[in-house]
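So the chains spell out like this:
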Amino acid sequence: MTTATAVEQAEMRIAMTRKEAVGRLLGVVLLLGVAAWLVLNLVTAPSQFFNSLLFGIGNGALYALIALGYTLVYGIIELINFAHGDLFMLSTVFSGFMMVYWLGAEGANPASWAKLLLTLVLAMGFGATINVLIERVAYRRLRRAPRLAALITAVGMSFILQWVGLRWNGSAPRLWPTVVPEGGISIGDVTLQYSTIMVVTFTIPVLLLLTYVVQRTKQGRAMRATAQDQDAARLMGINVDRTIAFTFALGGAMAGAAGLLYLEAVGTTRYDAGFHLGLIAFTAAVLGGIGNLAGAVLGGFLIGIIQGLNDGLPYGFGQKWSQTVVFSILIMVMVFKPTGILGQPTVEKV
Amino acid sequence: MSQGAVGEPLLQVDDISVYYGNIAAVKGLSMSVPQGAIVTLIGSNGAGKSTTLRTISGLLHPKSGRITFEGKEISRSPGHEVVGMGIAHSPEGRRIFPRMTVDENLELGAFTRDDKEGIAADRDHVLELFPRLAERINQKAGTMSGGEQQMLAVARAMMAKPRLLLLDEPSMGLAPVLVDLIFDTIEKIRESGVTILLVEQNALAALRVADYAYVMESGFLKLQGPARELAEDDEVVRAYLGG
C-alpha cells in the first residue's frame, strides 16, 4: 500500500516536471521569437526603433504611476479599486483648470514653470483627498463584507467619478495649452521628447521615495503589517483605519500627479480617459504581480514599451492592434506565471 | 510602575456580555486578575475564552458591563490604543506576520514605543527567553515551524513591555517538549514582573502554572477558585477538565 502510493507520487512528480518543462520550453521559444523580432527591427530601422522605445518609456512611466495606485490599495485591503482610473481622469481635468484657468499659466516661461510645479503639488493633494474620501465614504464600511460587495461598490464609484468628469469637462475632449513645449532633444533622427523627460524625471524619484516609505519607515511597516493581518496589526497598536487611509492618500497622490503629467504630455483630456488608461494600468499592475510595488513599475514600463514598439516599428502589428497585443501578453503571462512577474504566491493566506 | 490602588486588581472585568451580531458569545462574565499573578481561563471549544481576551484587548467591545485596567475603564477603547496602555495580546493561532522576518515582527511588537534603548534591551531579553528566535532572526516568520511561530507570537507581545500579558492557547498544536518549554517561559515571564492571563484548552497544564482559575462553559462562568484546588477536585476534573 505504502509502496504503491510512493510509486504513484513519483509518477505524479515526473508528470508535473514534464508539464513544467513543456511550459518553460514554450516560454523560451516565445521570448526568443520576440528577441529576434526586436533585432530585426533594430537592424532595419534603428532610428524608428529608438524613437518608439523612448515614446514607450514615457507612456510606461505614466502607466507605472497609475498602476501604483491599484497595487497599493490591492496590497493593503485586497480590493481592485476600479474607480482609480477615473480618479486619474478627474485629476487631468483638475490640472487643466487649475493651471490654465485659475493660475493662468501660458507658454514656457519661468512663471509658468512655477505654476506647473504648484499645480503638480495641488493635483497630488487633490487626488489624495478624493481617494481618502472615497475610502471613508464607500469602502470602509464594507471592509468586513463579502469581497464582491466592495468590488461592485468600486465599479459604482467609477461611474460616479466619470459622471463628475462629464459634467465638469463636458462630453467632448477638451484641449489645454501645455507649459512643456512640443519637440525635444534630437540626436540624428532620434528625438527624446521634452514631455518624456519630464514624466521620467518625476516618476523615478517618486518610485524610489515610495519604496523607501514602504520598506524603511514606521508608517510603511504599519502598512505592511495591516496588509498581512489587520487584527494582528491592531494588537501591535497600529491604527488600521488611519493606515489604510494613508495608503489611499499615497495612491491618490500618484494618480493626481499622473493626471497633470498626462495633460502636459498629451494636451487634451476627456471624461472617459480614465477608463482606458485605468484598464491598461491595472493590467500593468497584474502583469508585474499585483500588490508588489516594483512589479507595478516594471509592468507599467513593459506595457508602455511593448505598446510603443508595436505601434511604431515597421514590422509591428501597428496601432490598430495595440490593445490586442497588450492584452495577449497579459494572458500569456497569466498562463505561465499566474502571480505576475514579481508576484509571490500567497500560500499563507487561508 | 504605575499600578492601581493597593488591593485593587490589575484587571477587573465586571459582568460583560459580548455579541457577534445577535449571538452572545460571553454572557455576564466577571473576573479579576491581581497584580503579579498568573490567572487562567479554561473551558472547552466555543466557551467564549478567546472572545473574552479579544474584548479585553479592544478588538471587540462588550454590549454591557465594564472592563477596568489599573483603575481606568477600557471597555470602549479601540484595539490599537489598548496595547499602549500596557496590555499585550498573543492571539489564538499565533497571527504572526508571515511575510516579515522574525526581527521585523519583534519591531512591530514595540510599535507603540519610542524608547530606542528600552526596545533594544527588551529585544535582547526575549531572545534570551527564546534562543531559537535568535537563530532565526532574519528568517521570514511564515517559514518557521509552528512551535517557533508560537514563540515569536509570545516574544512579539512581550516587546510591547506590557504589564498584563494575554496569552491565547500558547500550547495549541505543539509537541509535548515545546509545551513544557512554553509553560516554563510563562513562569519566567511572570517572575520578571508581568501579570498573565492565560487561556488554555490544555487545562491541566494551565492549572499547574496558574494561581487562580476561571472555568467557562458556553459563554457563562461556571467555576472559579485557586488553581491547585480545582486541579485536585476530582469532580471538577471529570466534569470540566476532561480528566
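Please read these numbers as outputs of a predicted model, since none were measured by experiment.

> Can you lay out the overall build of chain A for me, pointing to particular residues and giving the numbers?
For chain A, the count of helices and strands is 12 helices and four strands. The C-alpha atoms of chain A give 22 Å as radius of gyration, which agrees with the globular expectation for 350 residues (20 Å, within 12%). Over its C-alpha atoms, taken along the principal directions, chain A stretches across nearly 85 × 60 × 40 Å. Relative to its 350 residues, chain A shows a buried fraction of 45%. Put simply, of all contacts in chain A between residues at least 6 apart along the chain, 75% involve residues at least 24 apart. Counting every atom, chain A has about 17,200 Å² of accessible surface; 69% of that belongs to carbon and sulfur. Each charge sign in chain A was given a centre, from 23 positive and 16 negative side chains, and these centres are 7 Å apart.

> Hey, could you go over unusual backbone geometry for me, with residue numbers and the actual values?
Residue and element names in this part refer to chain B. The residue R95 is not glycine, and still its phi comes out positive at about 50 degrees. Position of R95 relative to the elements: it lies in the loop between β6 (87-90) and α3 (102-109). Judged by relative accessible area, which is 29%, R95 ranks as partly exposed. We note that K161 has phi near 50 degrees; this positive angle belongs to a residue other than glycine. Inspection of the secondary structure puts K161 in the loop between α6 (146-158) and β7 (164-168).

> Can you break down the packing of helix α3 (residues 84-102) of chain A against helix α5 (residues 147-169) of chain A residue by residue, with the values?
All names here are of chain A. In contact at an axis separation of 8 Å, α3 and α5 are set at 25 degrees when each is read in the N-to-C sense. Taken as axis vectors, α3 and α5 run roughly parallel relative to one another. Taken as a pair, α3 and α5 cross one another with a handedness that is left-handed. Contacts from D86, L87, M89, L90, V93, F94, F97 and W102 in α3 reach S158, L161, Q162, V164, G165, W168 and N169 in α5.

> Before we move on, could you go through the interface of chain B and chain A and cite the residues and values that matter?
At the interface, 22 residues of chain B touch 21 residues of chain A. Considering only the surface of chain B that becomes buried against chain A, H80, R99 and F111 of chain B emerge as the three largest contributors, covering 33% of it. Across the contact surface, chain B and chain A share five salt bridges. A salt bridge links D229 of chain A to R95 of chain B, with the nearest nitrogen and oxygen atoms 2.6 Å apart.

> With reference to specific residues and values, describe the side chain of T119 of chain A.
Considering the arrangement of structural elements, one finds T119 of chain A in helix α4 (residues 110-139). Leaving out residues up to four positions away in the same chain, T119 of chain A has contacts with S95, M98, M99, L103 and L260 of chain A.

> How would you summarise α5 of chain A if you had to cite specific residues and measurements?
Residue and element names in this part refer to chain A. Taking 1.5 Å per residue, 23 residues should reach 33 Å; α5 reaches 33 Å between its end C-alpha atoms and fits that length. Regarding α5, the residues found buried are A150, A154, M157, S158, L161, Q162, G165 and N169. Residues of α5 that are buried sit in contact with α3, α4, β1 (174-175), β4 (268-269) and α10 (273-288). Positioned one or two residues after α5, G170 has a phi angle of 90 degrees, which is positive.

> Run through the packing of helix α2 (residues 46-77) of chain A against helix α7 (residues 218-228) of chain A, naming residues and quoting values.
All names here are of chain A. Where α2 contacts α7, the two axes come as close as 6 Å, and the packing angle between them is 60 degrees. The orientation of α2 with respect to α7, classified from their angle, is oblique. Here α2 contributes L72, G75 and I76 to the contact with α7, which in turn contributes M223, T226 and A227. Of the residues contributing to the contact of α2 with α7, the split by class is four nonpolar, two polar and no charged.

> Account for the pairing of strand β10 (residues 220-226) of chain B, with residues named and values stated.
With six bridges connecting them, strand β9 (residues 212-217) of chain B and β10 of chain B associate as antiparallel partners. Opposite V215 of chain B, over in β10 of chain B, you have L223 of chain B as the bridge partner.

> Mind laying out the confidence of the model for chain B, listing which residues take part and the relevant values?
All names here are of chain B. Per-residue pLDDT for chain B has a mean of 92; in total, 96% of the residues score no lower than 70. Confidence drops under a pLDDT of 50 for residues 1-6, and excluding neighbours within four residues, the segment shows six contacts in the predicted structure. Prediction confidence for the complex, expressed as pTM and ipTM, is 0.89 and 0.93 respectively.

> Hey, could you go over the sheet that holds β6 of chain B for me, with residue numbers and the actual values?
Residue and element names in this part refer to chain B. Sheet architecture is open: six strands sit in the order β6-β7-β8-β3-β9-β10, paired in mixed fashion. Two strands lie at the open edges of the sheet, namely β6 and β10, each paired on one side alone. In this sheet, neighbouring strand axes are inclined to one another by 15 degrees on average, regardless of whether the strands run parallel or antiparallel. Bridge count between β6 and β7: four bridges; the pairing is parallel.

> Tell me about the pattern of salt bridges, residues and numbers included.
Two side chains bearing opposite charge may form a pair once their charged atoms approach each other closely. Residue and element names in this part refer to chain B. The tally for this structure, following the rule as stated, stands at 22 salt bridges over all chains. R66 serves as the salt-bridge partner of E73, at 2.9 Å between the closest nitrogen and oxygen. Its relative accessible area of 37% is what places E73 among the partly exposed residues. Put simply, R113 and D122 hold a salt bridge, and the shortest N to O gap is 2.8 Å.

The rules we used
Residues numbered from 1 in each chain as written. Chains lettered and ligands numbered in written order. Predicted model: local features only at pLDDT ≥ 70, side-chain atom pairs only at ≥ 80, totals over all residues. Heavy atoms only, no water. Helix = DSSP H or I, 4+ residues; strand = E, 2+ residues; numbered from the N terminus. Rg over C-alpha atoms; globule rule 2.2 N^0.38 Å. Buried < 20%, exposed > 50% of the residue type's maximum accessible area, 1.4 Å probe, protein only. Contact = heavy atoms within 4.5 Å. Areas by Shrake-Rupley, 256 points an atom, 1.4 Å probe, with all protein chains shown as cover. Lys, Arg positive; Asp, Glu negative; His and termini not counted. Charge placed at Lys NZ, Arg CZ, Asp CG, Glu CD. Axes fitted to C-alpha atoms, helices over the stretch in contact; angles between N-to-C directions. Parallel < 35°, antiparallel > 145°, perpendicular 65-115°, else oblique. Left-handed = near helix turned anticlockwise from the far one by under 90°. Buried area = accessible area lost by both parts, 1.4 Å probe. Salt bridge = Lys/Arg side-chain N within 4 Å of Asp/Glu carboxyl O. Expected span 1.5 Å × (residues − 1). Nonpolar A, V, L, I, M, F, W, Y, C, P; charged D, E, K, R; others polar. Pairing = 2+ DSSP bridges. pLDDT = per-residue confidence, 0-100.

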